[in-house]
Structures are given as structure tokens and as C-alpha cells.
Amino acid sequence: MRSLIGALAALVLLAEPALAQEAARRYGDFPVIGSRAAVWVAAQLHLFFAAFVLGVPMFAVVAEVIGIKSGEERFDKLAKEFTRLLLVSYSATAVWGAVLVFALVTLYPGVWTYLAEIFDVSMWVYVGIFFFESATLYLYYYGWDLWKEGRAKWFHWGLGILLNLWGTTVMFIANSWLTYMMSPPAEVTPDTAPGMVQFWSAFANATWMPINIHRLIANVVFGGAIVGAYAAYRFLMAETDEERAHYDWMGYIGNFVAISALIVLPFAGYWLGREIYEFNQQMGITMMGGFMSWLWIVQAFLIGVLFLTGNYYLWVGMGRIPGAERFQPYTKYMLVVLVLGVIVWATPHSMIASRDEISAMGGQFHPFLGVLGVMSAKNTAVNLMILTTFLSFLLYRRANKEPVVGWAGRGTMVQGALFGIAALVVLFYGVYGYFVPAIVRIGFSVYQVLAVLSTIVAVVVLDVLMLRGATSRGEIRWGQMPPRSQYALFILAVTFTWLMGLMGFARSGIRQHWHVFEVMRDTSVDAATPALGYASVVISVCVLIFLGMVAFIFWVGGLAEKPIITKAARGEGPHAALQPAGGD
Amino acid sequence: MLLQNLKIVLVVLGTLGLYTWVANAIPQVESEVPAQLSFGADVTPEELVSAGGQLFAGAGACVTCHGLEDRAPALLSDYGGAGPIGQRCADRVEGMDCKEYLYASLADPYSYLVEPFGPIMPDQRINLSEDQLWSLVAYLQDQGGEVTVTGADLQSTQASSAGGAASQGGGGAATAAASGPSSDATEATAVMQANLCFGCHKLGDQGVVLGPPFDGIGSRRDAAYLRNSILNPNAEVPEGYQEVAGLMPPNFGQMLTAGQLETIVQFLASQR
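From a predicted model like this one, the values you see are computed outputs, not experimental measurements. (Residues numbered from 1 in each chain as written. Chains lettered and ligands numbered in written order. Predicted model: local features only at pLDDT ≥ 70, side-chain atom pairs only at ≥ 80, totals over all residues.)

S.K.: How do you make sense of the overall build of chain A when you look at a structure like this?
M.R.: Helix and strand counts for chain A stand at 19 helices and four strands. Across the 584 residues that make up chain A, the buried fraction comes to 48%. Sequence separation of 24 or more characterises 82% of the internal contacts of chain A that already satisfy a separation of 6 or more. (Helix = DSSP H or I, 4+ residues; strand = E, 2+ residues; numbered from the N terminus. Buried ≥ 20, exposed ≤ 12 C-beta atoms within 10 Å, placed from the backbone. Contact = placed C-beta atoms within 7 Å.)

Right, dumping it as C-alpha cells:
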């Protein structure tokens, strides 16, 4: 299939080179929904699946190495089950990739020709690496039971690492194409023939690396969330306590991975935002304060849902941990911090307002909300929310443990003090930010972030040392989770997926009526960038198609697994002794 | 099992429905494409003001910055006690009337920065046609002042723009200096801005000192040297700049027209 894509790329490369503006003026037509929506849906679905198949191998290898080091077989089983989900999702990724290429070739041939002429070499490299990635994946999955012991197991783990390397490289290459459209090098103008564009300067453009890092982390978040939802489904459908316990644990790991990576994601987002501003201030302003300003309010609402749901899942989960009851009184205070944080974060500020709206507010900014809507308040809110979520994880982790080291009391006090200092630093710079110019204020967010990150690192180190040899107040009762907690995992998965679609719209939409920003103008009937309402409908449709396909893929995967387990358990059939296909 | 599946589907649909509803409940703002305008010589001030007003509030995205007063000065309301832009534009630059000033500040915004705001406004000629620029000028004049833009203004810059485009093979950023009521210095500055020269070279208040500064460069280098160093930047690296050797793109020979190159060279040679 990829060869076919390559052949198509070669065909369009044979076309006459044309200047950017001339090249853009060729468009196809797609019935009913139009060309833009068709390409949008294909690209978004390709990205959803791609994010999943890139995120899952990352924690599959982490789970596998934990299994090797700790000797706990459940981690190895978990890694293998993740990889099985990966295997069945891989073809869907390739299918949507092909649909996207066909859509571009037929609906936006001018744009495709232009990009292919600049990036032809990297397209062939992409295809080559894709072959290696596929081969490595098959070896990694189908060699799981073959290379199970001793050195062979480490070789197998090395395959997992290699799989991640291939996957990351493929993503980095594809990212260069889309980031070029967003931030082409300064020397490229509408008069520059694509053949004259220097490859490396186009490839390593201004937003390439920030997008790479942002997507890398986001893929982990996304993979964790989807695995969590899968585990939740299997938990709800489980027929035995053993099955329920396994999927409860798997759901916890998925949620842990997703929320842990989510905590780091805003920092990558800051970097990306800063690079966008450095590339073109107007683009940055369009993104944050222009026609997209309301998008960030919706984003704040979604992230609020993520923080609240993620914490809720942890708090409910503490019900199955002996000893956790001593921490439960604190959850209401954490809830208050989170709710206040969401309210502040979702406060509008720099909005495009009509004359009527301005006169109704009595000025450009709302007299009360204007104070909360500025970045000083928002940065303070989000950093305190991150600290609170980290505290939830910490309490969850310590719930059933009783430290035995002599300095446990002092250690806990130091941890508390670190939390307090971090919160004070965040609040101090939040308030101080109101009294300094904007250029100084922007630098304060770095101090706030550093305070939170260093606290997280220091507290974790202390905790690990303090809980060495800790006694247990009782084992976690895996499987004894109320069903409502599993619906929280579904909400997390839907929200992460929707948020990814929304951010994709933001990244692509800030180019406005340009295929390649200020180089190749979009002269099609769909050149205007739609409002958020229309975008939300497209995103919801994409999410629905994605989740529907994922459900189908997982169901098909389950078909091959279940009958064999049942027969093996009963000791029936000619292959009763066989292990489940790809199974547990 | 069926009931369980149904519950899951309802949770998923409910969550999607909630997000879609929230996104539709907020104000809907579309990023429009600047509409093509084509006015004749008999265009009336009212037509220009009307078109300019639509651009200002819509596709021109001017309200994104002009109005909040934390990014750019307010234009439709009083700023600094001098009234809206139509009242104060004639007093901004000595020797420039309101019309000249407004056009020049749209075409070359970095040269007409208002303290204390930073250089964030792009050259509007990248996005807008001459007719659109003049309609914006008319609209801004109408904010407390008298509209003096006429069809003759449009025709003079259209002719200038067309001439420039014909000699340069198209429009766009690199050809930006070809149009507008500008002197040679303004034209050279616009070409250099469009080609990001000030990303590395400093001239007056513009740019950063990464490569050799342009201030006084005419007293240090002659035109032939300047021409050669633009076309072949790595041929001779000035002392003290070896660390940044290779940074300047070697393809300005392809990117600039002969006219643009000479405009820059003569301008730099005159910086003494």
C-alpha cells in the first residue's frame, strides 16, 4: 500500500514545477461535505490511529522492562496485551494514511505537487522506515513467547526500543511536512519555486521540533487513555473476579500513564506557543487573541474535565486500598482547588468583542472577570491544579504503605513543606505578575513551572527513599471498583480524543487562508477558516468514527482470543493445551 | 451485556454532545478571506469607507490588536488624548499628511511604531490588495477626520504595483516594495524587511546585531562589495563574524530581482 503511495508521489513529481501561487489554483471536488471536510476527516482519523500506535509501544517497553526487572509476570502480560491492541490498530493507521494521500492527490493536487517537490526525498525515507517499523512490530509481537527467557528476553525488549525509534522517526518526518505549511523558512516567498527551497531549512523549520516533542508526549497521553478505556470495557464485561482484577489494574496503569504525561504536556505547549510567536507574532496573536481566542476557553473546559475526572478516578480507587480512608477527608479540599482552578482558567479575557459587547461590559475587559482572565491568574491556576493532581497520586501511592525508616515523620514534613513552598512561589509570581510589564510577566511562568517540576521530582525521590521496606496495611483489592469509576475512564478517553482534534484544528487553522503560511494562498471555495461550532461537529464525527472503529477492532481481536481460552480452561478440543492466540 | 453496552454508548455520545454544544454555544467567529475589491476611478468615499469598515472588523483582523490597547494603539476611539485615528493621523509624522501616513503605516508598519508598542504588525501588502489598503485608509480617515482618498490614489498605486509585478514575475512579500507612495529608502527597507534582513542585521532601531550592522556600512564598504556579499555571502566573512558564517542564505540571487538588489545595494551604500 505504501508502495502505491510512493508511486503516486513519483507521478506528481513528474509534473511541471510551478510557482506556489500558480500551483495552488487546482482543486478537486468532494460531494456533499466538500473537499476541506473530506481531507480534514481523513487527516484527523489517520492522526488518531497514528497517535495510538506511537503511544502504545512507549509504555509497552516500559511495562516489559518493569516485568523483567521485578520478575512480576503481570507486567509482561500487560505489555503483550498493549502490543496486541497495537497490532490490530496498525492497519487502520495505514488505511487512513492512504485515504489522506488519495484525498490530497485528488482534491488538492496543486498543494500536493508543491509539497512533494520539496519533500520528495523525505517521503521515500518515510516509506523505507515504515517497512522497517512494520517488520520490527511483527518480530516484537510474534517473537514474544519465543524470546521469553534470559538474554533472548533482553533482545526482545531491544526490538521494542527499535520499534519506538522507527515510529518516532516516521512521526518526525511527517511532522516536518505539516509544520512547513505552518512556518515555512523566512527565505521562501510566493515567488520561490518549490525546487529552489532548501530541503533542510524546510524540514527543520521553526515549529518542527516543538511539535515533535508536543506530539511525542501527547501520544503517550492518548495511548494511555485509550488503553484505559479498553480496560474499562473489559472490566465491565468481565465474568470472573480474576479478569476484573486484571482489567482494573490495567485501567489504573492506563490512567496513570495518561495523567502523568498530561502533567508535562502544558510545558511542551508553552514552548510550541513561544516558537509560534517567535516565528510570526501575528500568527501567535491570531491563535491566542484573534478569531481563535474562544477556542482556548473550550480547551480550558476540556482540561478541567480531564483533571477533575482523573482525580475522581483516583479518589474512587482509594476505596479499594486499605488505609486510604485516612486521606479521604483531604479530597474535598483538593476538589475545591481544582474547581477554582478550572473557573479561573476558563475565564475569557482577550476576546474579539463587538461595540455592543464592549459598551455592555463598560470597557474592553469585564471589570471583574478581566482580572482573572489574564495569564498571571491562569498560569497560577494551572500550576496549582498540577500540584493538586500530583498530591492525589502521592496519597494514592502511600495509601496502604507504612514507612519504617526512622526519619519518616520528618520526611513527610519536608514533603509537605515542599508542596507549601511551591504553592507560595506560584502564588507570589501570580500576584507579582499584575504589577510588572507583560515582557517581564511572561518570564514569571518559567519560575512557576520550575517550582512545580522541582517539587514533583524532590517529593518523588523522598517518597521512594522513605517507603523502602515499608510495611503494608493490606493489599490493594484489585477488581473491587464501582462501575462508575470505569465510566470515568471512558470520559477521559473521549475527552483526550476530542481535545486532540480541537488542538489539531487550532494548529492547522492558524494558517487561515494559506496552504503554506504567507507563501501559498488558499484560493479554493473552502479558503475561509470555519468557526468553532462547525469545527466541533467535524471533530465529534471524527471521534465517533475513531471510537467506533477502535471498538470494532478490539471486538475482532477478542473473537480470536475468547473461544480458545474457554476451551483451554475446559480441557476440550484438539488444541486444549494451546495458549490463547496472542493472548494472556 | 446489552444494557452495559448501551450505557457505554450513551456516556460516549453524551460527552461528545456536551462538547459540541459548548463549542456551538460560544460566539462563532470565522476567519474570513479578504474579499477581492475592484474599484474604478469614480469610486466614492462612502464606498471606500464601507469596504474598509468591513475589512477592519472582519478579514483584515485589525480588531485583534487595535482596540485592546495592550498590543497596539486604539484606532476607533481616543488614544493618548489625541482623539481617534482620523483626528490624529495628520500629526503623527512631520511632512506627511493623514492619507500618506496611514498608507505608509499599513505598508511599512515597523517604520511607524507607536511607543510603547512592539513590532508585531506584518506588512499588510502581503495579505491585502491596493484597493483593500486604500479602503482601509479611507475608513481610518473617517474615524474623526475627512476622507481624502480618491480613485486617483487607487489608480496610481495599481499602476505602480502592476509595473513592479510585471518586472518581478508576481506579487508577494519579496516584491512588497514595488508599490505605494514610498521613497527609495522606504522601498529598500520594505524589500529588506520582506526578506528578513533585519533578523540578523541592525539598522537604526530595527533588527539585531548578529551579522554586520547596516548603520554606517556605506562608509566601510562600497557598492560592489555589498552586491557581492549579498549574492555570495560566504565568499568573504568580515572579521569578528566567523562564528555566524554560513548563516546567511546563499540564494538571494534567485530570490531578489535585479531591481530589488540594486535598490538595497544603493541604499546600503548611502548609509554613511
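Alright, that's what it looks like, and here's the rest.
S.K.: What is the right way to read the overall build of chain B from this model?
M.R.: The helix and strand tally for chain B stands at 11 helices and zero strands. Beginning at the N terminus, the succession of helices and strands in chain B can be written as α-α-α-α-α-α-α-α-α-α-α. The buried share of chain B, reckoned over its 272 residues, is 39%. Pairs at least 24 residues apart make up 61% of the contacts formed inside chain B by residues separated by at least 6 positions.

S.K.: Teacher, can you tell me more about the interface of chain B and chain A here?
M.R.: At the junction of the two partners, chain B supplies 45 residues and chain A supplies 50 residues. Counting residues per element, the ones that place at least two in the side of chain B that touches chain A are helix 1 (2–25) and helix 10 (252–255) of chain B. Ranked by residues supplied to the side of chain B that touches chain A, first place goes to helix 1 of chain B with 11 residues. A breakdown of the residues in the side of chain B that touches chain A according to their chemical character gives 24 nonpolar, 16 polar and five charged. (Nonpolar A, V, L, I, M, F, W, Y, C, P; charged D, E, K, R; others polar.)

S.K.: Help me out: how do you make sense of the domain arrangement of chain A in this one?
M.R.: In many reports, interface size means the accessible area that the parts give up when they come together. Residues and elements named next belong to chain A. Partitioning chain A into domains gives domain 1 (2–321 + 476–570) and domain 2 (323–475). Domain 1 puts 24 residues into the contact, and the matching count from domain 2 is 27 residues. Broken down by secondary-structure element, the contributors of at least two residues to the side of domain 1 that touches domain 2 are helix 9 (241–279) and helix 11 (293–317). The dominant element in the side of domain 1 that touches domain 2, judged by the number of residues it contributes, is helix 11, at 13 residues. (Domains from an automatic or database assignment.)

S.K.: Which parts of the structure should I look at to understand the packing of helix 9 of chain A against helix 18 (residues 483–509) of chain A?
M.R.: Axes are the key here: two packed helices are described by the angle between their axes and the distance separating the axes. Residue and element names in this part refer to chain A. In contact at an axis separation of 11 Å, helix 9 and helix 18 are set at 35° when each is read in the N-to-C sense. Crossing geometry of helix 9 relative to helix 18 is assigned as left-handed. Residues G251, N255 and A258 of helix 9 touch helix 18, and the partners they reach there are Q486, L489, L492 and F496. Its residues assigned to classes, the contact of helix 9 with helix 18 shows four nonpolar, three polar and no charged. (Axes fitted to C-alpha atoms, helices over the stretch in contact; angles between N-to-C directions. Left-handed = near helix turned anticlockwise from the far one by under 90°.)

S.K.: How do you make sense of the nonpolar core when you look at a structure like this?
M.R.: Here is a general trend for soluble globular proteins: nonpolar side chains tend to be buried in one another's company. Counting residues in each nonpolar core, the largest one holds 223 residues, and the members touching the most others are F82, V221, L302 and F490 of chain A. In this structure, L302 of chain A is in contact with T495, W498, L499 and L502 of chain A together with Y19 of chain B, ignoring residues within four places of it in sequence. (Core = buried A, V, L, I, M, F, W, Y, C linked by C-beta atoms within 7 Å.)

S.K.: Sorry, what's going on with helix 16 (residues 408–432) of chain A here?
M.R.: The periodicity of an α-helix, 3.6 residues per turn, causes residues three or four positions apart to be oriented the same way. Compared with the 36 Å implied by 1.5 Å per residue over 25 residues, the 36 Å span of helix 16 of chain A between its first and last C-alpha is a close match. Those residues of helix 16 of chain A that fall on the buried side of the exposure criterion are Q415, A422, V426, Y429 and G430 of chain A. (Expected span 1.5 Å × (residues − 1).)

S.K.: Could you clarify how one ought to interpret unusual backbone geometry in this entry?
M.R.: Excluding glycine, a negative phi dihedral is what most residues carry, and trans is how most peptide bonds are arranged. Residues and elements named next belong to chain A. Here V32, not a glycine, exhibits a phi torsion of approximately 65°, which is positive. By the element assignment, V32 lies in the loop between helix 2 (20–24) and helix 3 (34–70). The class of V32 is exposed, set by 6 C-beta atoms lying within 10 Å. Although it is not a glycine, Q512 adopts a positive phi angle of roughly 50°.

S.K.: What's the story with the environment of I303 of chain A in this structure? I'm lost.
M.R.: Mapped onto the fold, I303 of chain A is located in helix 11. Once the C-alpha coordinates of I303 of chain A and L499 of chain A are considered, the two residues, 196 residues apart in sequence, prove to be 8.2 Å apart.

S.K.: Help me understand helix 11 (residues 258–269) of chain B, please; the structure alone is not making it clear to me.
M.R.: All names here are of chain B. Look at helix 11: 16 Å from first C-alpha to last across 12 residues, which is about the 16 Å you get at 1.5 Å a residue. By the burial criterion, the buried members of helix 11 are Q260, T263, I264, V265, F267 and L268. Next to the buried residues of helix 11 lie helix 7 (184–194), helix 8 (217–220) and helix 9 (223–231).

S.K.: Would you take a moment to explain the packing of helix 9 of chain A against helix 15 (residues 375–398) of chain A for this structure?
M.R.: Residues and elements named next belong to chain A. Remark: helix 9 packs on helix 15, axes separated minimally by 11 Å, with the N-to-C direction vectors making an angle of 160°. In terms of orientation, helix 9 lies roughly antiparallel with respect to helix 15. Crossing geometry of helix 9 relative to helix 15 is assigned as left-handed. Taking contact as the criterion, the partners of I259, I263 and P266 in helix 9 are, on helix 15, V382, I386, T389 and F390. Split into classes, the residues belonging to the contact of helix 9 with helix 15 amount to six nonpolar, one polar and no charged. (Parallel < 35°, antiparallel > 145°, perpendicular 65-115°, else oblique.)

S.K.: Looking at this structure, how should I read the environment of T169 of chain A?
M.R.: For T169 of chain A, the position within the fold is in helix 6 (residues 150–182). As a C-alpha pair, T169 of chain A and L107 of chain A span 62 residues in sequence and 28 Å in three-dimensional space.

S.K.: Can you help me understand the environment of Y434 of chain A in this one?
M.R.: As for its placement among the helices and strands, Y434 of chain A is situated in the loop between helix 16 and helix 17 (438–466). Considered as a pair, Y434 of chain A and A377 of chain A are 57 residues apart in the sequence and their alpha carbons are 8.9 Å apart.

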